[in-house]
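An overview of the molecular structure
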Amino acid sequence: MCESCGCSGEHPHLHQSTLRRLQVEENLLAVNDRYAQANRKWLAERGIQMINFMASPGAGKTSLLVKTLTDLAGQLSCAVIEGDQQTSLDAERIRACGIPAVQVNTGKSCHLDAHQVGHALVEFDLPTGAWVFIENVGNLVCPAGFDLGESKRVVLLSVTEGDDKPLKYPYMFHRADLVLVTKIDLLPYVDFDLERCTEHARRLRPEVEVFALSAKSGEGMAAWYAWLRALALQDLKSVSTA
Ligand SMILES: Nc1nc2c(ncn2[C@@H]2O[C@H](COP(=O)(O)OP(=O)(O)OP(=O)(O)O)[C@@H](O)[C@H]2O)c(=O)[nH]1
Ligand SMILES: [Mg+2]
């Protein structure tokens with residue numbers, strides 16, 4: 001007799017330990033969602049935008065942040081939360097640009113969670129209207145499931161990874177507000193079809209914008225900056241109509 005549905009037990013069954021694991025995962029996500037909502041409220045009360053960068057290891061997240069923060073120096077008040085399993089190498093790269101950064105080491109865990117982000121946020125002295133960029137742990141799987149309280153999710157994909165990644169990691173791309181194809185200075189050397197990649201990303205999220213850029217050559221950066229400015233303007237409008 002099946003303990004889950006009461007049938008005579010003819011269908012394949014989940015082992016009790018699997019069921020228990022699923023229950024624990026559900027509980028963890030529910031707790032995370034409560035912290036994410038608290039972060040969102042905290043940020044909204046202060047008029048702060050938080051952007052969550054997600055991508056595979058080495059896709060160019062820190063390089064894009066360094067380029068962006070250097071180019072926009074003096075225009076935006078920014079801070080960065082860096083997520084890595086070990087080391088504070090990325091936080092040091094950000095601090096070298098004169099931007100405050102908090103490094104969160106996740107140890108065995110493969111993603112940041114909303115509780116960790118909440119603690120990191122209060123370490124900064126953020127003025128109203130500031131921007132917080134999160135660099136999540138390099139991984140196209142686990143970070144997708146964890147809401148951090150961010151305003152926008154930006155998913156990066158470098159041309160060396162292949163244009164099929166949106167189809168292979170649908171959960172990540174399904175919830176992306178923006179897809180950034182990085183390292184396009186390397187396009188002449190790899191088989192990467194930008195149109196096909198865009199089409200794959202839009203199969204999962206039809207309205208998603210896809211920008212192609214290179215933090216190394218600077219090509220394509222203007223569209224990314226325009227996207228950030230449009231977000232800042234939306235914010236101003238919502239403050240003035242509130
Ligand atoms: N050619 C080229 N290389 C780049 C570009 N952006 C980053 N890289 C290189 O790609 C490698 C990884 O870059 P990072 O910015 O450290 O990547 P990441 O996503 O932050 O990596 P993790 O934090 O380890 O997940 C480095 O060797 C960078 O120099 C780019 O636009 N063009
Ligand atoms: Mg990095």
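As the structure is a prediction and not an experimental result, all values here were calculated from the model. (Residues numbered from 1 in each chain as written. Chains lettered and ligands numbered in written order. Predicted model: local features only at pLDDT ≥ 70, side-chain atom pairs only at ≥ 80, totals over all residues.)

1. Thoughts on the site of ligand 1
By nearness alone, 17 residues border ligand 1, and G60, T62, S63, G138 and K216 come closest of all. Considering every element that reaches the shell around ligand 1, the biggest residue donor is helix 2 (residues 61-71), with three residues. When its residues are assigned to classes, the shell around ligand 1 shows five nonpolar, seven polar and five charged. (Near = placed C-beta within 6 Å. Helix = DSSP H or I, 4+ residues; strand = E, 2+ residues; numbered from the N terminus. Nonpolar A, V, L, I, M, F, W, Y, C, P; charged D, E, K, R; others polar.)

2. Some details on helix 2
Note that an α-helix has 3.6 residues per turn; residues three or four places apart therefore point the same way. The complete set of buried residues in helix 2 reads K61, T62, L64, L65, T68 and L69. The buried residues of helix 2 occupy an angular sector of 160° when projected down its axis, which confines them to one face. Buried-residue contacts for helix 2 involve strand 1 (49-54), strand 2 (78-84), helix 3 (89-95), strand 4 (131-135), strand 5 (152-158) and strand 6 (178-182). (Buried ≥ 20, exposed ≤ 12 C-beta atoms within 10 Å, placed from the backbone. Arc of directions from axis to C-beta. Contact = placed C-beta atoms within 7 Å.)

3. Describing helix 1 (residues 16-45)
The end-to-end C-alpha separation of helix 1 is 44 Å, in line with the 44 Å expected for 30 residues at 1.5 Å each. The set of residues buried in helix 1 consists of N32, Y35, A36 and N39. Against helix 4 (114-121) lie the buried residues of helix 1. In the segment just after helix 1, G47 is the residue with positive phi, at about 65°. (Expected span 1.5 Å × (residues − 1).)

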